[in-house]
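What follows is the residue order along each chain.
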Amino acid sequence: MESKKELLSSRNARVVSVNIDEPSRSKVARGFSAQQGFTFKIVMNKTAEKVYDIDKAYNVQVTPTSYLIDGEGIIVEAHAGPVSPQQLQDALDKLP
């Protein structure tokens with residue numbers, strides 16, 4: 001995703017990662033993200049205070065699962081498993 005940062009920006013798109021680990025693992029997830037140099041936003045499915053159930057709302061069965069959501073909030077494409085740069089390009093090409 002980082003390698004396509006410029007393309008995402010030109011399409012007014014952005015990446016948001018949803019971490020579905022238990023709240024106690026949030027520091028590990030954020031540390032891994034920082035170590036990898038990821039600049040996209042990471043939101044937690046569960047925190048110590050609240051369960052958001054994002055995984056249930058989007059019927060996540062496999063991690064990672066990626067969704068391309070257009071400006072109207074409509075899911076244009078869903079992808080289970082890692083996304084290659086070419087797959088991301090192909091998905092973004094579906095946007096108007």
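Just so you know, these numbers come straight off a predicted model, no measurement behind them. (Residues numbered from 1 in each chain as written. Predicted model: local features only at pLDDT ≥ 70, side-chain atom pairs only at ≥ 80, totals over all residues. Heavy atoms only, no water.)

A short note on the confidence of the model for the protein chain
The line we're drawing: Each residue gets a pLDDT score, which is the predictor's confidence in that residue and runs from 0 to 100. A run of DSSP states H or I qualifies as a helix once it reaches four residues; a run of E qualifies as a strand once it reaches two. Both are numbered from the N-terminal end.
Per-residue pLDDT for the protein chain averages 84, and the proportion of residues at 70 or more is 99%. Here helix α1 (residues 5-10) stands out as the element of the protein chain with the lowest mean pLDDT, 79, in contrast to helix α3 (residues 54-57), whose mean of 90 is the highest.

Let's talk about helix α4 (residues 85-92)
Test applied: Exposure classes here rest on a 1.4 Å probe applied to the protein chains alone. A residue is buried below 20% of its type maximum, exposed above 50%, and partly exposed in between. Regarding the arc, it is the one traced by the directions from the helix axis to the C-beta atoms. In this description, contact between two residues means that some pair of their heavy atoms is separated by no more than 4.5 Å.
Here α4 has its buried residues at Leu88, Gln89, Ala91 and Leu92. End-on view of α4: buried residues confined to an arc of 165°, all on one side of the axis. In the core, the buried residues of α4 are packed alongside α1, β3 (65-69) and β4 (75-80).

With respect to the layout of surface pockets
Here is the rule: Within this scheme a cavity is a closed region of a 1 Å grid, computed over the protein atoms alone, that accommodates a 1.4 Å probe without allowing it to escape, whereas a pocket is open but has protein on both sides within 12 Å along at least five of seven lines; lining residues each have an atom within 4 Å of a point. Grid points are joined across faces, edges and corners, and a volume is the space filled by probe spheres set on the points. Note on residue categories: nonpolar means Ala, Val, Leu, Ile, Met, Phe, Trp, Tyr, Cys or Pro, charged means Asp, Glu, Lys or Arg, and polar means any other residue, Gly included.
As a volume, the largest pocket reaches approximately 1,600 Å³. Lining of the largest pocket is provided by 48 residues; of these, Val15, Val16, Ser17, Val18 and Thr65 occupy positions nearest its centre. For the lining of the largest pocket, the secondary structure elements donating two or more residues are β1 (16-19), α2 (26-36), α3, β3, β4 and α4. The element contributing the most residues to the lining of the largest pocket is β3, with five residues. Residues belonging to the lining of the largest pocket are distributed by class as follows: 29 nonpolar, 11 polar and eight charged. Roughly 150 Å³ of volume is contained in the second largest pocket. If you trace the second largest pocket, you find 11 residues lining it, with Lys5, Leu8, Arg14, Val15 and Thr39 closest to the centre.

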